[in-house]
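So the chains spell out like this:
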Amino acid sequence: MTIGLYKYFMLKNKPCNSTRHFFSYLLLINLFLLGIINSVHAKNLHEVSIGVLAHRGAEKANLMWMPTAKYLESKIKGYQFKLIPLSLPEMEQSVKNNELDFILTNTGNYVNLEFPYGITRVATLKNMRQGKPYTSFGAVIIVRSDNEQINSLSDLEGKSFAAVSKNAFGGFQMAWRELKQAGINPFEDFSSIKFMGFPQDDIVKSVRDGIVDAGTVRTDTLERMIKSGEINSNDFRILNQKKHTDFPFFHSTALYPEWPFARARNTDDDFATQVVIALLSLSPNDPVSKAGLNAGWTVPLSYQSVHDIFKELKVGPYAKNGKVTLTQIIKQYRYWLMIIILGLIFAAYHFIRVERLVVKRTKELERAYKEQQKYLDVFDTNVISSSTDAYGNITEASKAFCQISQYSLEDLIGKSHNIIRHPDMPVSLYEKMWKELQSGKSWNGEVKNKAKDGSAYWVEAHIEPQFDEAGNIFGYTAIRKDITNRKRIEELSVTDTLTKLYNRLRLDQKLTEEFYHTRRYHHPLSIIMLDVDHFKEVNDTYGHQVGDFVLIGIADLIRKGIRKTDFVGRWGGEEFLIICPETPAQGAKELAETLRKKLEQRTFDQVGQKTCSFGVATLNDEESVELLLSRADKALYTAKESGRNRVVSAEV
């Protein structure tokens, strides 16, 4: 405002020098005060650092991800989100120094940082490729189409090969695993291996131009180059080609999860939950998603497949697998060390006046012993571990196990793990677990347990059988990780906050699952769509708080009125959707009529009776999910138009 007045006065009144000086000073004072206000405001904000892998340079990283940082800043008040582009070495150093609150990096680098520094994935990227979102990707191995000497991976022995770099997950390590399984060691069996870095387009062109015999690139690279006219699809052939449902791109490897968004070890749980909720709320059409070339985020996927590939290749956190370390020796022979220490202490007592050097060495060993005891105490306090005999009865349990389960050690010893078994867990899971363990294999999985007070908690468990010298199993050892908070975030992401039913996202997922199940096994599938009649009148007359009360009551009645095999959620506003697997049209119509009568008989305070209209549709041969929903919606509309409070079945 001061600047505008200053310009107006100068143009209209042609002031003298003294007047001009006066307004110049006034302008400077105004700018100075604005600077102070902005500075104070910035100091009142809590700074949150997001480290992002800048594999294509800092400028590209800022263009893609700065909108996401600004979006989080707008959604979570009182925080200033700072984006920090980093190389792989810089990111590891920053995580190691606890300089970051959140990390956005590629799949392989996440697994490298997860174990040593305690970062935890909270969301997985939905990458936008060729106009559609994908949460997984792979790699493709290519040769020239006219190269008749190479028809399989084993034919690559003695040939030249191109990739991004030795440490590139999608640009080499995925292909490395497939080559290894085909009996090819890239570092010994190739005539040469050329690591070309980015962009991966250069690798494709090198194969086309005959500079190398074969190469590997990330999935969708070929399709993108073909679409842009850079290459001709007839010039290439895919080696070890695989097929996966709903993944249309050429690929020669298994598929692995996309980039994760992870929180640092020390990031506050409640704040991390706010960030996750904001990310999951992003839609594919949001400008923030488009800037990052993605379709938003989904709940964190399992990255066990990435651990498996690193274990097999002995890279990343598994680079030292098979090497005997000093720590392992100490752990294996700790009891002998304790005996030696006690012997040295006893000997030192007798020879203290004669052998001063022995005294010094004994003190050093005492310190080592105490450090070892301290390490064992830390393990016992922080690691959820237990051991059982061959029949599954608990023989040992750590303090951490007792704390999370709320049982004392005396309560647990001699008991089966059924003491913490939660009734929600299917019997089939434990049957499969025991079958694998008794066959001598280890077992990994997520388990919901019940504490002594009845509360539930989730763990990620790894169970190993223990063998005697004859190779017989004499017991089992389990290590667990508390993932309760992560599970709560997953549950929050698929739950409608008002009615506590499933939300639209989870309904879409479930309907897609049942659709493919129905197509595969040729079983019936029906859906029921219902809408509260004249609901707008409730909000307009009594207010939204009473309207919310009515929706909660209707949701509770539906939840109690459906069968255990049915799946219900809030479709939007006052609309609900019920998915009825293994249910033909007549069964779904009868269920809808039963619910309609129960709702008709329900009376709400202030409002009185509220009825609902129902549309029922059953999946037909060659029909899509979208058409099924459209027919149910039309049936619902017909019920509304025919007088409401009725059930209408969709016509084929």
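Located above this text is the structure these notes cover.
Residues numbered from 1 in each chain as written. Predicted model: local features only at pLDDT ≥ 70, side-chain atom pairs only at ≥ 80, totals over all residues. Heavy atoms only, no water.

(A) Just the layout of surface pockets, in detail. Estimates place the volume of the second largest pocket at around 1,600 Å³. Along its surface, the second largest pocket is lined by 38 residues, and Lys126, Leu505, Asp508, Gln509 and Thr512 are the ones closest to its centre. Looking at the lining of the second largest pocket, the elements that each hand over two or more residues are strand S5 (132–134), helix H10 (269–280), strand S14 (294–298), helix H19 (484–493), helix H20 (504–521) and helix H24 (625–641). In terms of residues, the lining of the second largest pocket owes the most to one element, H20, which gives 8 residues. Taken together, the residues that form the lining of the second largest pocket break down as 21 nonpolar, 11 polar and 6 charged. (1 Å grid on protein atoms, 1.4 Å probe; cavity = no way out; pocket = protein on both sides within 12 Å on 5 of 7 lines; lining within 4 Å. Points joined across faces, edges and corners; volume = space filled by probe spheres on them. Helix = DSSP H or I, 4+ residues; strand = E, 2+ residues; numbered from the N terminus. Nonpolar A, V, L, I, M, F, W, Y, C, P; charged D, E, K, R; others polar.)

(B) Spatial organisation of a nonpolar patch on the surface. A grouping of Leu337, Ile340 and Leu344 is seen on the molecular surface, where their side chains present a nonpolar patch of about 230 Å² in accessible area. Structurally, Ile340 is set in helix H14 (residues 334–351). (Patch = residues over 30% accessible without salt bridge, like charges linked within 9 Å, V, L, I, M, F, W, Y side chains within 5 Å. Areas by Shrake-Rupley, 256 points an atom, 1.4 Å probe, with all protein chains shown as cover. Salt bridge = Lys/Arg side-chain N within 4 Å of Asp/Glu carboxyl O.)

(C) Fine view of helix H6 (residues 169–181). Its 13 residues give H6 an end-to-end C-alpha distance of 17 Å, which sits within 8% of 18 Å, the value for a rise of 1.5 Å per residue. Of all 13 residues in H6, 11 are buried; the element is thus mostly enclosed. Three or more residues of H6 are buried, namely Phe169, Gly170, Gly171, Phe172, Gln173, Met174, Ala175, Trp176, Arg177, Glu178 and Leu179. Count one or two residues on from H6 and you reach Gly183, which has phi positive near 85°. (Expected span 1.5 Å × (residues − 1). Buried < 20%, exposed > 50% of the residue type's maximum accessible area, 1.4 Å probe, protein only.)

(D) View of the sheet that holds strand S25 (residues 612–618). The strand order across the open sheet built from 5 strands is S21-S22-S20-S25-S26, with neighbouring strands paired in mixed fashion. Every other strand in the sheet has two partners, leaving strand S21 (567–572) and strand S26 (647–649) as the edge strands with one partner each. Strand-to-strand twist across the sheet, computed as the mean angle between neighbouring axes with direction ignored, equals 20°. In the packing of helix H23 (residues 585–601) onto the sheet, the strands contacted are strand S20 (525–532), strand S22 (575–581), S25 and S26, and the crossing angle to S25 comes to about 170°. (Pairing = 2+ DSSP bridges. Axes fitted to C-alpha atoms, helices over the stretch in contact; angles between N-to-C directions. Contact = heavy atoms within 4.5 Å.)

(E) Molecular detail of the packing of helix H22 (residues 544–561) against H23. Orientation of H22 relative to H23, taken along the N-to-C sense of each, is 140°, at an axis distance of 10 Å. One element, H22, and the other, H23, form an angle in the oblique class. In terms of crossing hand, the pair formed by H22 and H23 is right-handed. For the pair H22 and H23, contact is made by Ile554, Leu557, Ile558 and Gly561 and by Leu591, Leu595, Lys598 and Leu599, respectively. Among the residues forming the contact of H22 with H23, the class breakdown is 6 nonpolar, 1 polar and 1 charged. (Parallel < 35°, antiparallel > 145°, perpendicular 65-115°, else oblique. Left-handed = near helix turned anticlockwise from the far one by under 90°.)

(F) The pattern of salt bridges, seen in detail. Enumeration according to the criterion identifies 29 salt bridges in this entry. Here Arg263 and Asp269 are joined by a salt bridge, their closest N and O atoms 2.6 Å apart. One salt bridge connects Asp533 with Lys640, and the closest N-O pair in it is separated by 2.8 Å. Of this pair, Asp533 sits in the loop between S20 and helix H21 (535–542) while Lys640 sits in helix H24, and the two are 107 residues apart along the sequence. Comparing Asp533 with Lys640, the two get one shared label, buried. Salt bridges sharing common partners tie together Arg129, Arg218, Asp220 and Glu258.

(G) Main features of the side chain of Ser160. Topologically, Ser160 is positioned in strand S8 (residues 160–163). Taking relative accessible area as the criterion, Ser160 reaches 10% and is therefore assigned buried. Setting aside residues no more than four positions away along its own chain, Ser160 makes contact with Ser191, Ser192, Ile211, Val212, Asp213 and Ala214.

(H) Quick peek at unusual backbone geometry. Omega for the bond connecting Phe198 with Pro199 falls within 30 degrees of zero, at 0°, which places this linkage in the cis form. Position of Pro199 relative to the elements: it lies in the loop between strand S9 (192–195) and helix H8 (201–208). Phi angles above zero are rare outside glycine, and Asn98 is one such case at about 55°. Owing to a relative accessible area of 54%, Asn98 belongs among the exposed residues under this scheme. Phi angles above zero are rare outside glycine, and Asn645 is one such case at about 55°. Looking at the secondary structure, you find Asn645 in the loop between H24 and S26. Overall, Asn645 belongs to the buried group, its relative accessible area being 19%.

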